Every structure is written in C-alpha cells, then in structure tokens.
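The primary structure of each chain is shown beneath.
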Amino acid sequence: MQHEEGMSIVVVGASGDLARKKIFPALFSLYCQGCLPERFQIFGFARSRFDHAEFRQRIMEHLTCRYAPGESCAARMEEFLARCFYMAGGYDSTDALLDLFVLMREQEGGGRADRFYYLAIPPSIFLDVARSIGNAGLVSCGVERPWSRVVLEKPFGHDRASSDMLAEAMADVFVEPQTYRIDHYLGKEVIQNLMVLRFANLVFEPVWNRRYIRNVKILWKENLSTEGRGGYFDQYGIIRDVCQNHLLQILSLVAMEPPGRFNAASIALEKVNVLRGVPPLTLDDVVLGQYVAGEHAGRRWAAYTDDPTVPDDSRTPTYAAARLAIDNDRWRGVPILIEAGKGLDARMTEIRVQFRDVPQDLFPDANGSPAANELVIRVQPDESIQLSIVNKVPGMGMKMANRNLDLRYKAAFSEQIPDAYESLLLDVMRGDRSLFIHREELQAAWDIFTPLLHEIDARRVVPQSYPFGASRPTAAEKLVP
Ligand SMILES: NC(=O)c1ccc[n+]([C@@H]2O[C@H](COP(=O)([O-])OP(=O)(O)OC[C@H]3O[C@@H](n4cnc5c(N)ncnc54)[C@H](OP(=O)(O)O)[C@@H]3O)[C@@H](O)[C@H]2O)c1
C-alpha cells in the first residue's frame with residue numbers, strides 16, 4: 001500500500017474480547033500481507049492496567065499464521081508486536097488521552113501520521129471517549145491528510161431518537177465523512193459479492209423483481225446460548241442486536257437498484273432508498289421468541305433466563321421473525337421474511353430468493369413434483385451460492401426433479417477468504433466508506449423498527465417460548481411465506 005504518511009491506530013477498549021479476538025488478529029493479517037504503511041504503530045487504550053509486554057502477550061495469543069506460514073510467522077509476530085503499545089486510562093480523562101498523545105508522538109518519530117481510532121467499547125461510553133480524544137487535540141479537522149477517522153461498533157443507539165442524539169453529539173468531534181460505522185456482516189465475502197452477483201451477471205437482473213420473485217428470506221440462526229454475554233444481550237435483544245443492522249443491511253443490498261457508480265455515496269443512496277421504502281413494522285408483522293431449556297447436539301442447554309447475567313423475569317426476545325414489504329415498483333407485493341434467533345438448531349446465515357412457478361405447465365404428465373427455482377446464498381458457514389433448477393431425471397419416461405447448480409467457495413476459489421474485519425479495516429485506511437453504514441441508512445433502519453420496539457416495551461410483550469435447538473418458535477410458521 002502506498003503511503004507517504006505514517007499511521008497511528010488507536011484501539012480503545014483494547015482489553016476487551018473484540019480487540020483481542022478480531023481487531024488485532026485482523027491488523028496482523030494486514031501487516032503480513034503488506035497492507036499497512038511502512039511507518040505504522042498501534043496503541044491499545046483501556047482502563048485495565050498492563051505494561052507493554054503484558055499487553056503484547058495478551059494479543060499474541062490470538063494472532064494466527066494464515067498469511068505468514070511456516071517459520072517466518074514467529075518473526076513476523078515479533079516485528080508486529082514491537083509496533084504495539086499500551087496505555088491505561090479513564091475513558092473520560094483528557095489527561096489520559098494527553099499522555100497517549102505523548103506516547104504517540106514519541107513513536108511517530110516526529111513525522112506526520114494519519115490516525116484512526118477504533119472504539120471497541122460499549123456504546124454508552126462512545127461520547128466520553130470521543131470528547132476526550134477531541135479535547136486532547138487528537139483529531140485533525142476535515143478529511144485532508146493527515147486524516148483522523150473513527151470506527152464505531154454497533155449498536156448505534158437503541159431507537160431512532162437515541163441514535164440521532166448519539167450521531168449528533170459524535171459529530172461535534174468527528175464529522176460524517178470521518179465516521180466509519182462498522183457492521184462486520186458487510187465485510188463478509190459473500191455479502192461483498194451480492195452486488196457483483198446481481199449487477200455483473202446478465203441472468204439475474206431481468207428476473208430480480210416482483211414479476212418473477214415470489215418471496216425473499218433472510219435467515220440468521222445461532223445454535224449457541226448467550227454464553228456469558230447475556231448481560232450485554234439482555235439490554236438490546238435480538239431485534240437491536242441482529243435484525244436492525246445485519247439483516248436490514250443484507251436486505252438493502254439484495255433489494256437495491258443498481259447504483260449510478262460503484263462508490264460509497266451512490267451505494268449508500270440506493271440502500272437508503274430501499275430502507276425508506278419499508279413501512280414501519282407493527283406487532284402484527286412479527287413473532288418474538290425466547291429459548292427455554294432444551295436438548296441439542298447431544299447435550300442439555302439451559303434456558304436464556306438461567307444465564308446468571310440475565311434477570312429471571314427477562315422478556316428480551318432471543319428470536320424475532322418479521323414479515324416486511326418494500327413499497328416500490330420492483331418489490332411491491334413480494335413478502336420478505338427476516339428471521340434471527342439464538343438457541344436454534346443450526347448456525348448459519350442465508351439469503352433465499354424463491355422464484356415464481358413457470359407460467360405454463362408443459363409437462364403435466366411428468367412424474368415427480370418439482371419446486372420453483374430458488375437461489376440460496378449461504379453467507380456462513382461454508383460460503384456458497386446454489387440455484388435449484390428443475391431437470392429431467394435420467395432414464396426412460398419423463399420424471400422431473402430439482403437439483404442444484406452449486407458454487408461452493410472453498411472448491412471454486414483457491415484464494416483465502418479474508419476475515420470481515422480485515423477487509424473493513426483496510427477500507428478505513430483507504431478511506432472507502434462503501435461497506436460502512438452512513439447516517440441516513442442508520443436513520444431509515446431505525447425508522448422501520450422504532451415504533452415496534454416502543455410498542456413491545458409499552459405492552460410488555462412476552463415472547464413465545466421455544467426449546468433450545470428448535471428450528472423456530474411454532475408461532476413463526478405463520479409468517480414464513
Ligand atoms: N465481541 C464481538 O465479537 C462483537 C461483535 C460486534 C460488536 N461488538 C461490539 O463491540 C464493542 C466491544 O466488544 P467487546 O466484546 O470487546 O466488549 P467488552 O469486552 O465488553 O468491552 C471492551 C472493553 O471496554 C471496557 N468496558 C466494558 N464495559 C464497560 C463499561 N460499562 N464502562 C466502561 N468501560 C467498559 C473494558 O475495558 P477496561 O475495563 O479495561 O476499560 C472492556 O475490556 C461492544 O460495544 C460490542 O457491542 C462486539
């Protein structure tokens with residue numbers, strides 16, 4: 001990567017899980033691939049007390065040798081870790097940030113350096129941190145070099161009003177073009193492929209509309225419990241944790257019009273148009289669930305409310321399914337199901353586009369009962385794209401059956417599939433906001449869910465119980481198109 005400036009990366013909340021398990025390993029992968037500038041340094045910041053050596057030891061445990069195989073890996077790690085530093089301090093302490101500034105200047109060697117701040121902390125302290133960074137004079141104005149950028153982790157607020165308040169207050173320190181709201185699903189390879197699949201192939205776009213598509217489903221399942229993160233999860237629930245961000249982001253890419261250009265502004269514009277076309281949801285459009293104890297994969301799983309960090313009387317949904325509509329010419333009348341749940345029977349994220357039946361049944365006497373075409377895009381695990389098509393079964397007579405055109409990433413591509421955080425961090429360095437959530441998208445996404453979330457709270461809605469390991473709560477079957 002060509003870079004005349006140095007670069008300082010500050011990971012705030014560096015003692016946390018996300019920093020250790022995702023951000024530092026992604027930065028190491030970028031380093032091994034030669035994607036970091038010549039002069040870079042990384043600073044961890046959090047309240048926990050470590051010296052540089054202890055901090056390096058903590059992050060080393062999660063670095064992998066994917067891009068530096070063999071004996072060179074240890075040497076690469078050593079080089080990388082020598083550029084990592086740690087400073088302990090309070091998030092609302094300008095003095096602590098001033099101390100960090102001194103350390104940064106020391107390590108930057110007096111040269112100019114771009115700076116990016118990754119806020120890997122709970123959103124409740126975003127503002128304290130941003131203000132301290134701003135007060136310490138660590139943010140350069142505008143987007144010119146050397147630049148300052150901030151990366152924010154979701155959730156961005158808990159409804160439209162709180163999200164707006166946070167965005168406005170953050171904008172006092174970092175203006176919108178400096179702000180990178182991360183939704184790591186957008187960094188996933190299959191999600192990045194959605195626009196290519198739709199707009200670089202002739203075969204999909206002509207049939208990608210209400211005339212040919214019967215329904216669209218976007219499914220997110222986990223066969224895990226909240227596993228020690230129940231305290232965090234219980235404040236948000238599955239709608240805020242998964243549906244409002246990951247699933248609506250996927251939907252906007254599935255349903256958008258072709259952008260005028262392949263750049264961040266044009267893409268964001270089309271994504272916003274999709275989201276603005278979705279009428280706000282009401283309780284009639286959704287089914288909420290919460291898992292209770294059940295058997296799955298040969299073991300007994302406790303109920304959500306048995307998690308010691310979750311209140312016994314929690315009404316927080318661990319499952320939500322919603323039937324949405326998009327009120328525009330392309331999608332009017334096409335039911336769209338989004339579904340997300342923890343404690344289900346599988347771990348997977350999938351987009352299913354089901355086509356309509358052919359208008360004419362040319363084979364009324366054929367055996368078999370073939371189904372309409374379906375395109376299944378598997379985001380994780382085992383990335384794949386499958387198109388179910390109807391075929392004549394080999395043999396005498398006319399028997400028909402569905403079989404898949406089957407593109408499995410592992411077999412089709414010899415290249416490594418980068419972790420989503422690798423792609424996204426590189427985009428931040430390059431100043432490409434295409435895969436980040438712009439403010440208007442965030443507002444439009446909250447507008448879909450905010451009235452529903454308020455209604456759920458006001459009516460104290462009790463989610464339907466489902467046993468851990470179920471495919472979905474039974475009440476949700478009525479929503480499946
Ligand atoms: N983990 C993931 O895979 C993941 C995925 C998507 C989004 N996120 C989001 O990314 C952020 C960071 O995730 P994480 O898993 O690393 O979180 P975390 O471990 O709970 O928090 C990160 C660090 O923030 C500090 N912290 C935690 N709670 C705090 C509080 N109430 N007040 C002040 N400081 C606090 C702690 O550092 P000190 O005590 O040392 O200061 C902690 O090590 C969260 O907002 C989460 O929503 C995480």
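Fair warning: this is a prediction, and the values are worked out from it, not measured in the lab.

(A) Main features of the site of the ligand. Lining the immediate surroundings of the ligand are 18 residues, of which G16, L18, A46, R47 and S48 lie closest. Within the shell around the ligand, the residues separate by chemical class into 9 nonpolar, 4 polar and 5 charged.

(B) Inspection of the environment of I59 at higher detail. Within the secondary structure layout, I59 lies in helix α2 (residues 52-60). Distance in space between the C-alpha atoms of I59 and C84 is 9.5 Å, their sequence separation being 25 residues. With residues up to four places along the chain from it excluded, the contact list for I59 reads R20, F24 and C84.

(C) Local environment of the pairing of strand β5 (residues 148-153). By the criterion of burial, β5 is predominantly enclosed, with 6 of the 6 residues buried. The side-chain alternation of β5 yields two buried faces, one formed by S148, V150 and L152 and the other by R149, V151 and E153. Bridging between strand β4 (residues 113-119) and β5 involves 5 bridges; their strand directions are parallel. Bridge pairing links R115 to S148 in β5. Pairing of β5 with strand β6 (residues 179-182) involves 4 bridges; the strand directions are parallel. Across the sheet, residue V150 finds its bridge partner in β6, namely T179. Between the parallel elements β5 and β6, the chain passes through helix α6 (residues 160-171) in a crossover that is right-handed.

Definitions and cut-offs
Residues numbered from 1 in each chain as written. Predicted model: local features only at pLDDT ≥ 70, side-chain atom pairs only at ≥ 80, totals over all residues. Near = placed C-beta within 6 Å. Nonpolar A, V, L, I, M, F, W, Y, C, P; charged D, E, K, R; others polar. Helix = DSSP H or I, 4+ residues; strand = E, 2+ residues; numbered from the N terminus. Contact = placed C-beta atoms within 7 Å. Buried ≥ 20, exposed ≤ 12 C-beta atoms within 10 Å, placed from the backbone. Pairing = 2+ DSSP bridges. Right-handed = clockwise from strand over helix to strand, strands pointing away.

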